[in-house]
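# Report on the structure
Now for the letters of each chain:
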Amino acid sequence: MNKTNDFVIDEGKYVVSLIRGDGIGYEIIDSVLKIFDYIKVPIKFEEVFAGLDCYNKFGTPLPKETLESIKRNKVALKGPTTTPKGSGFKSVNVAIRKYLDLFANVRPSKTLPNISSKYNNLNLIVIRENIEDTYPAVEYYQTPDVVQTLRITSRQGSYMINKFAFELAKKLQRKRITCVHKANIHKFSDGMFLNTFYEISKDYPDFIVDDIIVDNLCMQLVKNPEVFDVLVLPNIFGDIVSDLCAGLVGSLGLAYSANIGLKYAVFEAVHGSAPDIANKNIANPTAIILASTYMLKYLNLNSYAYIIEQALFKNFENGIFTKDLNGNYSTTEFTDHLIKNIKNIDKHAFIDNDKDYNKDNNKQSKVNIENIPFLKDSKNWELIGVDIFIEWNDTEKLPNIPLEFSNLKLNFISNRATKIYPEKISDITLVNWYRCRYLANNNIDFDTIKELMDNFVKKGIRISQIELLYKEGNQNMFSEE
Ligand code: NAI
């Protein structure tokens, strides 16, 4: 076994980790294996497990061996995995992305030949940040009635995804990059994402560079999607917008994606495990087939990718569709027809003759991200106050808390981020989670805050959370109400 170009090669074949997942995962992965086997793709799959069936069998949805396998092989093909809703284990997909630092999710949204869709000339790339935002799912019950999910954005994370987007767009000879955000509301988090985007854009003067607020983008995508080229988005917006784009080009059953990091890459279909149609041999294998061809391109096995894609498109040309696209071919029949098409493809006359193919596909998505920003420290920050979040169940009166404490003054009390003290001008329906902001004119020490908290506790007021308030120079490191 040796390593070439960072990939693991065994007896002339790339070793790739394979996760079938659950639900329709078995059927659609079988389809890929049959096709790869037929055209003798030089890949040796190392099967590992993840998902609900894995959990039922091994007591964990993501065994250590699975991650180790991907770390060893650098590349994986993954079928869909079920995530229980509301309770139960956390998403395997999110865990894989986090453990392997697969910070970029790339979803090409291209109109496929002979697939009817509302728009005919779409060729969008959605690049979604894959680690941060609300996805770490850091969540707390603040009171029995109020829960909180943290939204996390870092300078490093924003840099890596935006830099990746520019580098990938350059490789694919794209022209325009649009940063999608909600920085008008989330001035800190989306503001950081957006500022980083524009900062990086200075190194790429050949691109048309712009930004758009996510709600406006959704409207524009539905009305006029052809104007967009490459979109880069924070995680949660990327999740939603990429499904919207999948709908624009025909169906979720066709959409595929790559999760890419600096070291590893995992390729998968966008759709889930579709338990409603599992084991019926009716699932559409197109998305996972396209994910597998994307993987082949990543491994620089472009000719195999090309042959499989042409054979797939031939199926569509010949009206071979699965049920989700109003056809009546089963998963296995669809696959067998695709394999038949392969026999008729001129395997020698492809890539060189197809400039478009070369332009868009004959490029690895592997990009180098250099100069990740160093970690800044907060040594110049001054502690000037505290937000104390409390549970308070009497909607008729405010909690009996000090108006002043040492050099701290009660600045406001708010409920659902709406001020209700010193003035209550809002008619907001009160819930039992209040924020009490105390501010000082100068630097304070942490003991003062501890004593203030003691004061609350002694009065029987339950503190659910505190946030320390800092400033650096004249800049407050917290949002105003
Ligand atoms: P889903 O994508 O599995 O299914 C949505 C609808 O699309 C269903 O009606 C299904 O039958 C249909 N569908 C999906 N893929 C299809 C295909 N290849 N061919 C034909 N029809 C197809 O979404 P749902 O039902 O919300 O999620 C089911 C499970 O999958 C959940 O546990 C969810 O967490 C998980 N999931 C996993 C993903 C992954 O592993 N990458 C991605 C999305 C969801």
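A few words on the nonpolar core. Ranked by internal contacts, the top residues of the largest apolar core, which has 81 residues, are Ile43, Leu77, Phe164, Phe267, Met295 and Leu299. The leading source of residues in this core is helix 9 (residues 286–298), at 9 residues. For this core, the two domains that each supply at least three residues are domain 1 (1–103 + 249–365) and domain 2 (118–248). Aside from chain neighbours lying at most four places away, what touches Phe267 is Val75, Ala76, Leu77, Lys78, Ser257, Ala258, Ala291, Tyr294, Met295 and Tyr298.

As a matter of local geometry, the ligand sits amid 20 residues, with Thr81, Thr83, Gly272, Ala274 and Asn284 nearest to it. Thr81 is positioned such that a nitrogen or oxygen atom in its backbone is 2.8 Å from an oxygen atom of the ligand. In this structure, Thr83 approaches the ligand through a main-chain N or O atom, which is 2.8 Å from an oxygen atom. A total of 810 Å² of accessible area belongs to the ligand in isolation, and the protein chains cover 70% of it.

Glancing now at helix 1 (residues 25–38). Its 14 residues give helix 1 an end-to-end C-alpha distance of 20 Å, which sits within 8% of 20 Å, the value for a rise of 1.5 Å per residue. Gly25, Glu27, Ile28, Ile29, Ser31, Val32, Ile35 and Phe36 are the residues of helix 1 that are buried. Next to the buried residues of helix 1 lie strand 3 (13–19), strand 4 (43–48), strand 5 (75–78), helix 9, helix 10 (302–317) and helix 11 (331–343). Immediately beyond the C-terminal end of helix 1, within one or two residues, lies Lys40, with a positive phi of roughly 55 degrees.

You can see Phe389 is positioned in strand 15 (residues 382–391). A sequence separation of 76 residues divides Phe389 from Gln465, and the C-alpha atoms of the two residues are 5.1 Å apart. Ignoring anything within four residues of it in the chain, the contact list for Phe389 reads Trp433, Tyr434, Arg435, Arg462, Ile463, Ser464, Gln465 and Glu467.

Bringing the side chain of His181 into the picture now. Mapped onto the elements, His181 comes out in strand 10 (residues 176–181). Reaching out from His181, the side chain makes a polar contact with the backbone nitrogen of Ala183 at a distance of 2.9 Å.

The next thing to look at is the environment of Tyr135. By secondary structure assignment, the location of Tyr135 is in the loop between strand 7 (123–129) and strand 8 (139–143). For Tyr135, a relative accessible area of 18% gives the class buried. Spatially, the C-alpha atom of Tyr135 lies 38 Å from that of Phe405, the residues being 270 residues apart in sequence. Tyr135 has contacts with Val94, Arg128, Asn235, Ile236 and Asp239, leaving out every residue within four places of it along the chain. Engagement of the side chain of Tyr135 in a polar contact is seen with the side chain of Arg128, the distance being 3.4 Å.

This part covers the packing of aromatic side chains. The geometry of two aromatic rings is summed up by the distance between their centres and the angle between their planes. Enumeration over the complete set of coordinates arrives at 19 aromatic pairs. Aromatic side chains Phe36 and Phe45 sit 5.9 Å apart centroid to centroid with 25 degrees between the ring planes, which places their arrangement in the stacked category. Given a relative accessible area of 5%, Phe36 falls into the buried group. Exposure remark for Phe45: the relative accessible area of 22% places this residue in the partly exposed category. Aromatic side chains Phe103 and Phe164 sit 5.9 Å apart centroid to centroid with 85 degrees between the ring planes, which places their arrangement in the edge-to-face category. Taken together, the residues Phe103 in the loop between helix 4 (92–99) and strand 6 (104–110) and Phe164 in helix 5 (residues 155–171) connect sequence positions 61 residues apart. Among the residues examined, Phe164 registers a relative accessible area of 1% and is labelled buried. Put simply, the rings of Phe7, Tyr14, Tyr256, Phe267, Tyr294 and Tyr298 touch in pairs and so form one group of aromatic residues. Taking NZ or CZ as reference, Arg128 lies 5.0 Å from the ring centre of Tyr135, over its face.

Reading the values: the criteria
Residues numbered from 1 in each chain as written. Predicted model: local features only at pLDDT ≥ 70, side-chain atom pairs only at ≥ 80, totals over all residues. Heavy atoms only, no water. Core = buried A, V, L, I, M, F, W, Y, C linked by side-chain atoms within 4.5 Å. Buried < 20%, exposed > 50% of the residue type's maximum accessible area, 1.4 Å probe, protein only. Helix = DSSP H or I, 4+ residues; strand = E, 2+ residues; numbered from the N terminus. Domains from an automatic or database assignment. Contact = heavy atoms within 4.5 Å. Near = heavy atom within 4 Å. Polar contact = N/O pair within 3.5 Å; in protein donor to acceptor, adjacent residues only side chain to side chain. Areas by Shrake-Rupley, 256 points an atom, 1.4 Å probe, with all protein chains shown as cover. Expected span 1.5 Å × (residues − 1). Phe/Tyr/Trp six-rings, centres within 6.5 Å; stacked < 30°, edge-to-face > 60°. Lys NZ or Arg CZ within 6 Å of the ring centre and 35° of its normal.

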